[in-house]
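Architecture and fold: a report
Letter by letter, the chains look like this.
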Amino acid sequence: MRNAEIKRKTKETDIVANLCIDGTGKAKIDTGVGFFNHMLDGFSRHGLFDLNLTCKGDLEVDSHHTVEDCGIVLGEAIKEAIGDKAGIKRYGQRILPMDDALVLCAIDLSGRPYLNFNYSFENAKVGEFDTELVREFFYAISYSAGMNLHIKVLDGFNTHHIIEAMFKAFGKALDEATTKDERIEGALSTKGTL
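Below: a short report on this structure.

Procedures and definitions
- Residues numbered from 1 in each chain as written.
- Predicted model: local features only at pLDDT ≥ 70, side-chain atom pairs only at ≥ 80, totals over all residues.
- Heavy atoms only, no water.
- Phe/Tyr/Trp six-rings, centres within 6.5 Å; stacked < 30°, edge-to-face > 60°.
- Buried < 20%, exposed > 50% of the residue type's maximum accessible area, 1.4 Å probe, protein only.
- Pairing = 2+ DSSP bridges.
- Helix = DSSP H or I, 4+ residues; strand = E, 2+ residues; numbered from the N terminus.
- Axes fitted to C-alpha atoms, helices over the stretch in contact; angles between N-to-C directions.
- Parallel < 35°, antiparallel > 145°, perpendicular 65-115°, else oblique.
- Left-handed = near helix turned anticlockwise from the far one by under 90°.
- Contact = heavy atoms within 4.5 Å.

1. Quick notes on the packing of aromatic side chains
One pass over the full model with this rule turns up 12 aromatic pairs. Centre to centre, the rings of F137 and F138 are 5.2 Å apart; their planes meet at 75 degrees, and the pair counts as edge-to-face. Each member of the pair, F137 together with F138, is buried. Each member of the aromatic cluster is reached from another via a ring pair, and the members are F35, F36, F43, F49, F117, F129, F137, F138, F167 and F170.

2. Description of the pairing of strand 1 (residues 3-9)
In this sheet, strand 2 (residues 13-20) lies alongside strand 1 in antiparallel orientation, the contact comprising 7 bridges. Across the sheet, the residue bridging to K7 is V16, located in strand 2. Here strand 1 folds back onto strand 2, and the loop between the two strands holds 3 residues.

3. Describing the packing of helix 1 (residues 34-47) against helix 2 (residues 64-82)
Viewed as axis vectors pointing N to C, helix 1 and helix 2 meet at an angle of 20 degrees, and their least axial separation amounts to 12 Å. Taken as axis vectors, helix 1 and helix 2 run roughly parallel relative to one another. Relative to helix 2, helix 1 is oriented so that their crossing is right-handed. Every residue of helix 2 that contacts helix 1 at F36, L40 and F43 is listed here: T66, V67, C70 and L74.

Have a look at this one:
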């Protein structure tokens, strides 16, 4: 089983995350931000990752530090859990529909961080959640995990559906990228390492 436990404590957040890449989609999430909990649960369930994550953040300020730092911690957990990447497919992709929304997510676990997130939300909030934090989360996770991450909105008008499709597509693409293939010897790279 590929597991990781990451702890991060700053003046702004106190986070503990346990991630099992080879899970069944069980999640226990408590960030203090209801909509964000829901998104992380969707990521876990649809990616078939077991994720326990708790965060005590400075929500009296806003949700920014909580969401960004959870991205950092989850990215570090992904990186640690997949280790030397021997035998994994490395690439993952998903075009995921959710009602009106259609979202593409593509991942390369190359060790080189990059985020291509070219979407501006028309609505500033979903409930009490600031939609601009979605990009902050994916930026943090891509850089701390060392992954090339592309997220494109192909269609949609409902902000909740679009964001939820992003998180679910990310989970499905990451599941594919982290899947082991017995035909792959070592790291899937002409360099011999990732």
